[in-house]
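Working through the structure, step by step
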Amino acid sequence: MVKISRINEQILNTLPSPCWLLEEHLLRANMELLKSIKEQTGVKILLALKGYSLWSSFDVISSYLDGCCASGINEAMLSSEEFKKQTHTYSPAFKESQIGSIAKISSDMVFNSPAQFKRFSALAKKTNPSISLGLRINPEYSESPVDMYNPCGLYSRLGTTLKNFDESILEELEGLHFHALCEQDSSALEKVLEVFEANFKTYFKHLKWVNFGGGHHITRDGYDVQKLIELLNDFKSRYPHLEVYLELGEAVGWQTGVLVATVLDIVDNGMKSAILDTSNEAHMPDTVIMPYRADVRGSSEANIKKFTYRLTGNTCLAGDIMGDYSFDKELEIGDKIIFEDQIHYTMVKATTFNGIPLPSIAILRENGEVDVVKNFDYDEFKDRLS
Ligand SMILES: *Cc1c(COP(=O)(O)O)cnc(C)c1O
């Protein structure tokens, strides 16, 4: 899939700074690919709000996808207010006080353990008789290379192992859910599916749906879409009574937009550091946690191009550093720096650490207009604390 950014000088000059800028046509390109998968397989695809909650773009997404997967009451409310299709709510552990409000607005609820299922299924059904109840299982197989992102790691709390499966819930159970991938190709799904099927297929006849979770990096260049389609069709041909869901966060927002910042000052204490009006720690936390180095448009690794700078944040944290990047031209105060692919995960995790204002949010519409949909002010900082 060729994805070409339409950001130009004129657009940069009209934006506030710092600012996240979503490019609507890039989001649509991702949606078109997902739509073609839906059409060729009949699976249903949900948006995972954990990775992407930019609700002012839901009008585009909801015309392609089937609903949202929410991780608790707040995301369930956002799905029900702004997406208005299915809401599948899963939480590692639900609180009794929230079961009623979650069940009322969810089409599906997925429990993490048979104990939670048994404690809350009656209350959920009483609140919403048409709700469909599922269980997250742990296939105990994953190819995720990093423990932080491996739901099937040693002692993982996420999902019920085969050993802990409790057949007494089968009467109420309508679906099984697993989430075992992270930024992975369809070959990883194939392996997880084999284990899932071998261990849990005896229960499939009781069910209406299965959910293969997220982590399918479908919209990344080089992802083997054809293999995904074959796997899904193969599964569906063997279990035609089962609805199959995928729930995607990263693949929805993948390479759909940027974070634009401005150079405020340049200091040279042995090497040139450009201080930007943004922050690694506060505005790009996923680059710290994952971790990864964000690409900067027009730059290379240090010392490849003529002028190397350390790009740094505007908080008082010494380590608020994006990394060392080289450019063809010397940076000047007022120059714009464009961090690539900053829409998924990093946006939902941003904070006002050190009192630094959150980036504004803008959408470059397909007709070329720039909508600044949100500016954050002092209240955003103050209201979080008391
Ligand atoms: C995080 C998460 C997702 C989405 O994962 P992506 O890697 O963003 O596609 C889906 N389901 C569950 C249960 C998750 O925790």
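See above for the structure.
What this report covers is the structure whose coordinates are included nearby.

Rules used in this analysis
- Residues numbered from 1 in each chain as written.
- Predicted model: local features only at pLDDT ≥ 70, side-chain atom pairs only at ≥ 80, totals over all residues.
- Heavy atoms only, no water.
- Helix = DSSP H or I, 4+ residues; strand = E, 2+ residues; numbered from the N terminus.
- Rg over C-alpha atoms; globule rule 2.2 N^0.38 Å.
- Buried < 20%, exposed > 50% of the residue type's maximum accessible area, 1.4 Å probe, protein only.
- Pairing = 2+ DSSP bridges.
- Axes fitted to C-alpha atoms, helices over the stretch in contact; angles between N-to-C directions.
- Phe/Tyr/Trp six-rings, centres within 6.5 Å; stacked < 30°, edge-to-face > 60°.
- Lys NZ or Arg CZ within 6 Å of the ring centre and 35° of its normal.
- Near = heavy atom within 4 Å.
- Polar contact = N/O pair within 3.5 Å; in protein donor to acceptor, adjacent residues only side chain to side chain.
- Areas by Shrake-Rupley, 256 points an atom, 1.4 Å probe, with all protein chains shown as cover.
- Patch = residues over 30% accessible without salt bridge, like charges linked within 9 Å, V, L, I, M, F, W, Y side chains within 5 Å.
- Salt bridge = Lys/Arg side-chain N within 4 Å of Asp/Glu carboxyl O.
- Parallel < 35°, antiparallel > 145°, perpendicular 65-115°, else oblique.
- Left-handed = near helix turned anticlockwise from the far one by under 90°.
- Contact = heavy atoms within 4.5 Å.
- Expected span 1.5 Å × (residues − 1).
- Arc of directions from axis to C-beta.

1. Focus: the overall build of the chain
- The secondary structure content of the chain amounts to 13 helices and 17 strands.
- In terms of overall size, the chain behaves like a compact globule, its C-alpha atoms giving a radius of gyration of 22 Å where 386 residues would be expected to give roughly 21 Å.
- Overall, the chain is about 65 × 50 × 45 Å in size when its C-alpha atoms are taken along their principal axes.
- Out of the 386 residues belonging to the chain, those deemed buried represent 53%.

2. Brief notes about the sheet that holds strand β6 (residues 132–136)
- The strand order β2-β3-β4-β5-β6-β7-β8-β9 describes a closed barrel built from 8 strands, whose pairing is parallel. Strand-to-strand twist across the sheet, computed as the mean angle between neighbouring axes with direction ignored, equals 25 degrees.

3. Examining the packing of aromatic side chains
- For the coordinates displayed, the defined rule picks out 16 aromatic pairs.
- Seen from their ring centres, Phe212 and Phe235 are 5.1 Å apart, and the 90 degrees between their planes marks the pair as edge-to-face. In this pair, Phe212 is assigned in the loop between β8 (209–211) and α8 (225–238) and Phe235 in helix α8, connecting sequence segments 23 residues apart.
- Here the aromatic cluster, defined as three or more aromatic residues joined through ring pairs, consists of Phe165, Phe178, Phe196, Phe200, Tyr203, Phe204, Phe212, Phe235 and Tyr239.
- It is Arg293 that lies over the ring of Tyr325; its NZ or CZ is 3.8 Å from the centre.

4. Digging into the site of the ligand
- All residues in the neighbourhood of the ligand are listed as Ala48, Lys50, Arg136, His177, His179, Gly214, Gly215, Glu247, Leu248, Gly249, Glu250 and Tyr345.
- Separating an oxygen atom of the ligand from a backbone N or O atom of Gly215 is a distance of 2.8 Å.
- One of the backbone N or O atoms of Glu250 is found 2.8 Å from an oxygen atom in the ligand.
- Compared with its free state, where it exposes 390 Å², the ligand has 90% of that area covered by protein.

5. A closer look at a nonpolar patch on the surface
- A grouping of Val146, Met148, Val288 and Ile289 is seen on the molecular surface, where their side chains present a nonpolar patch of about 340 Å² in accessible area.
- Along the chain, the position of Ile289 falls in helix α11 (residues 285–289).

6. Regarding unusual backbone geometry
- For the peptide bond that leads from Ser17 to Pro18, omega is -5 degrees, which places it in the cis range.
- Here Pro18 shows up in the loop between α1 (9–14) and β1 (19–23).
- Residue Pro291 follows Met290 across a cis peptide bond; omega there is -15 degrees.
- Residue placement: Pro291 occurs in the loop between α11 and β12 (300–301).
- At Tyr155, a residue that is not glycine, the phi angle is positive and equals roughly 65 degrees.
- Along the polypeptide, Tyr155 turns up in the loop between β6 and β7 (175–177).

7. Overview of the packing of helix α4 (residues 73–83) against helix α5 (residues 96–105)
- For the pair α4 and α5, the least separation of the axes is 9 Å and the interaxial angle reads 25 degrees. Classified by the interaxial angle, the pair formed by α4 and α5 is roughly parallel. The element α4 and its partner α5 pack so that their crossing is left-handed. Across from Ile73, Ala76, Met77 and Ser80 in α4, the residues of α5 making contact are Gln98, Ser101, Ile102 and Ile105.

8. Describing helix α7 (residues 186–200)
- Between its first and last C-alpha atoms α7 spans 20 Å; for 15 residues at 1.5 Å apiece the expected length is 21 Å, and the two agree.
- The complete set of buried residues in α7 reads Ser186, Ala188, Leu189, Val192, Leu193, Phe196, Glu197 and Phe200. Viewed along the axis of α7, the buried residues span an arc of 155 degrees, placing them on a single side of the element. Residues of α7 that are exposed and point over 90 degrees away from its buried face: Glu194 and Ala198.
- Next to the buried residues of α7 lie β7, β8 and α8.

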